[in-house]
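Coordinate inspection notes
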Amino acid sequence: MAQQQEEDKVARRVAMVNNKGGVGKTTTTVRLAEALAKEGKRVLVVDMDPQGNASSFLGWTWDPEQKQPTISEAVQAATEGAARSVIQPIAWDAPYAERIALAPATLDLETRMSEAGVSGAWRRLDMALEGVDDHFDFTLIDCQPSVFHLTQLALAAAHDAVIVTEADIYSIEAAKRMHAFITQRAPKDLANPTLSVRGVVVSALKSTSLQAEQRDSIRAIFDDLVWEPSVKLRTTLAEANTDALPLTDARTADSRATYELLAQAFLKAVPAP
C-alpha cells in the first residue's frame, strides 16, 4: 500500500504571480525553493518567464552550441511528459542543491504567445509536466508579470498560487487584479475550479513610514493570506541573485532567516502532496 501511495503521489504545483514586474516574484520563487530544499523537500522550479531570471539565479546559462532544451520546446510539443527532457540539476554548490531541479527558459519562450489562439493551448504546460514532476514534493512555477497566455499556462497547470507584491500602490493594485483573475476567471476560463490563492508575500520592504502604511494596506486587503515575515530590501540578496549563489554567506543571514520562516508559512498554507 505504501508503494502504491508513492506511485500515486503528484507534486503540488504552485504558480508564483503578480500582474506587475519587478516585485520580487522570481527572487521569492528561487529563495523559497532553496528554503524548502533545506527542509528536505524536493523542488522543481519551472521558469515560465521569457526573461529567464529564475534560470540565471539558479546558475543556468544558455549555450547555443549545445542546443539545450528549454520549457519552450516542452510546451510547444503539446504531448504528455514533454518536460522530461528539459529538467536538469542546478549549478549551486550547496548540500541541499541536489534537491532542486530546473526547467529553464530563454527568450524563445515568448514565441509560445503566438499559440494563445490555438484550441486547448492553455493546457500545454500541464500536459508537458504530466508524469514528470511526480517525484518532487513541490513544483514552483515562476510566471511572467501578466495574466496573458504564459501565465495562463501556469495557472491551468497549478494547484495553488502565491502572489508576490511590493508595498507600493501600483504593485498592490496589480496583486488585486491577479487575485481577481484567479478567483473569478480561472475556474471557468482555465477549467481549474480548485485553483486557490494560498498566500501573499510582501517583498523588498523599505524602512520608511510610507512603506509601513502600504504593508498595512496589503494586510487589510488580503487579511490572513499575507505571510509573515515581510522580505526586507537587502543589497546582499540582490548580489546573491546576480552571482547565482545560494544564501550561505554570513552577509545574507538576515535574508536566509526570512525565507526559512516563509517556507514554514508555505508548508502550513499549501496542502502537502
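Not measured: the values here are computed from a predicted model.

**Describing the confidence of the model for the protein**
Mean pLDDT for the protein: 95, with 97% of residues reaching 70 or above. Predicted confidence is poor over residues 1-7, with pLDDT under 50, and the contacts of this stretch with residues over four places away or in other chains come to one contact.

**Re the pairing of strand β2 (residues 43-48)**
In terms of burial, β2 is largely enclosed, as six of its six residues are buried. Of the two faces of β2, the one holding V43, V45 and D47 and the one holding L44, V46 and M48 are both buried throughout. The pairing of β2 with strand β4 (residues 100-103) spans four bridges and is parallel. Looking across to β4, one finds that V46 is bridged to A103.

**A look at helix α7 (residues 169-189)**
Its 21 residues give α7 an end-to-end C-alpha distance of 28 Å, which sits within 8% of 30 Å, the value for a rise of 1.5 Å per residue. Where α7 is concerned, the buried positions are S171, I172, A174, A175, M178, F181, I182 and A186. Looking at the packing, one finds that the buried side of α7 touches β1 (12-17), α6 (149-157), β6 (160-166), β7 (196-203) and α8 (209-222). A distance of 3.0 Å separates the backbone nitrogen of Y170 from a side-chain oxygen at the start of α7, and that oxygen is part of D168. Directly beyond the C-terminal end of α7, a positive phi value near 50 degrees is found at A191.

**A short note on the nonpolar core**
Core analysis: the biggest nonpolar cluster contains 49 residues, and V17, V46, M48, I71, L125 and L155 have the highest contact counts within it. For M48, the residues in contact, after removing those within four places along its chain, are I71, L109, L125, I141, D142, C143, Q144, L150 and L153. Counting 38 residues, the second largest nonpolar core, distinct from the first, contains L36, V162, Y259 and L262.

**Observations regarding the side chain of S203**
Of note, S203 is situated in strand β7. On the basis of relative accessible area, S203 is assigned to the buried category, the value being 4%. Filtering out sequence-adjacent residues up to four positions away, S203 remains in contact with V23, G24, T28, V164, T165, E166, A167 and V231.

**A look at the pairing of β6**
For β6, a buried count of seven out of seven residues is recorded, marking the element as mostly surrounded by other parts of the structure. Burial of β6 is two-sided: the residues D160, V162, V164 and E166 facing one way and the residues A161, I163 and T165 facing the other way are all buried. In this structure, β1 lies alongside β6, joined through four bridges in parallel fashion. When the sheet's bridge partners are listed, M16 is paired in β6 with V162. Bridge count for β6 against β7 is seven bridges, and the pairing is parallel.

**Side note on the packing of helix α2 (residues 25-38) against helix α10 (residues 253-269)**
Running from amino to carboxyl end, α2 crosses α10 at an angle of 80 degrees, the nearest separation of the two axes being 8 Å. Classified by the interaxial angle, the pair formed by α2 and α10 is roughly perpendicular. Of the residues in α10, those touching α2 at T27, T28, R31, L32, A35, L36 and K38 are R256, Y259, E260, L262, A263, F266 and L267. Its residues assigned to classes, the contact of α2 with α10 shows eight nonpolar, two polar and four charged.

**Some points on the pattern of salt bridges**
One pass over the full model with this rule turns up 18 salt bridges. Salt-bridge contacts for E228 lead to R219; the nearest nitrogen and oxygen are separated by 3.1 Å. Three or more residues joined by partner-sharing salt bridges are found here, namely R13, R123, D126 and D133.

**Re the environment of P145**
Mapping P145 onto the fold places it in the loop between β5 (138-143) and α6. Accessibility expressed as a relative area gives 28% for P145, which makes it partly exposed. Distance in space between the C-alpha atoms of P145 and K25 is 8.7 Å, their sequence separation being 120 residues.

**A look at the sheet that holds β1**
Pairing is mixed in the open sheet, where seven strands are placed in the order β3-β4-β2-β5-β1-β6-β7. At either end of the open sheet lies a strand with only one pairing partner, and these are β3 (88-89) and β7. Sheet strands in contact with α7 are β1, β6 and β7, and its direction is about 165 degrees off that of β6.

**Notes on the side chain of Q68**
Structurally, Q68 is set in the loop between α3 (53-57) and α4 (71-77). In this structure Q68 comes out as buried when scored by relative accessible area, which is 14%. Polar side-chain contacts of Q68 include one of 3.4 Å to the backbone oxygen of T61. Leave out the neighbours within four places in its chain, and Q68 touches W60, T61, W62 and D63.

So, how was this worked out
Residues numbered from 1 in each chain as written. Predicted model: local features only at pLDDT ≥ 70, side-chain atom pairs only at ≥ 80, totals over all residues. Heavy atoms only, no water. pLDDT = per-residue confidence, 0-100. Contact = heavy atoms within 4.5 Å. Buried < 20%, exposed > 50% of the residue type's maximum accessible area, 1.4 Å probe, protein only. Helix = DSSP H or I, 4+ residues; strand = E, 2+ residues; numbered from the N terminus. Pairing = 2+ DSSP bridges. Expected span 1.5 Å × (residues − 1). Polar contact = N/O pair within 3.5 Å; in protein donor to acceptor, adjacent residues only side chain to side chain. Core = buried A, V, L, I, M, F, W, Y, C linked by side-chain atoms within 4.5 Å. Axes fitted to C-alpha atoms, helices over the stretch in contact; angles between N-to-C directions. Parallel < 35°, antiparallel > 145°, perpendicular 65-115°, else oblique. Nonpolar A, V, L, I, M, F, W, Y, C, P; charged D, E, K, R; others polar. Salt bridge = Lys/Arg side-chain N within 4 Å of Asp/Glu carboxyl O.

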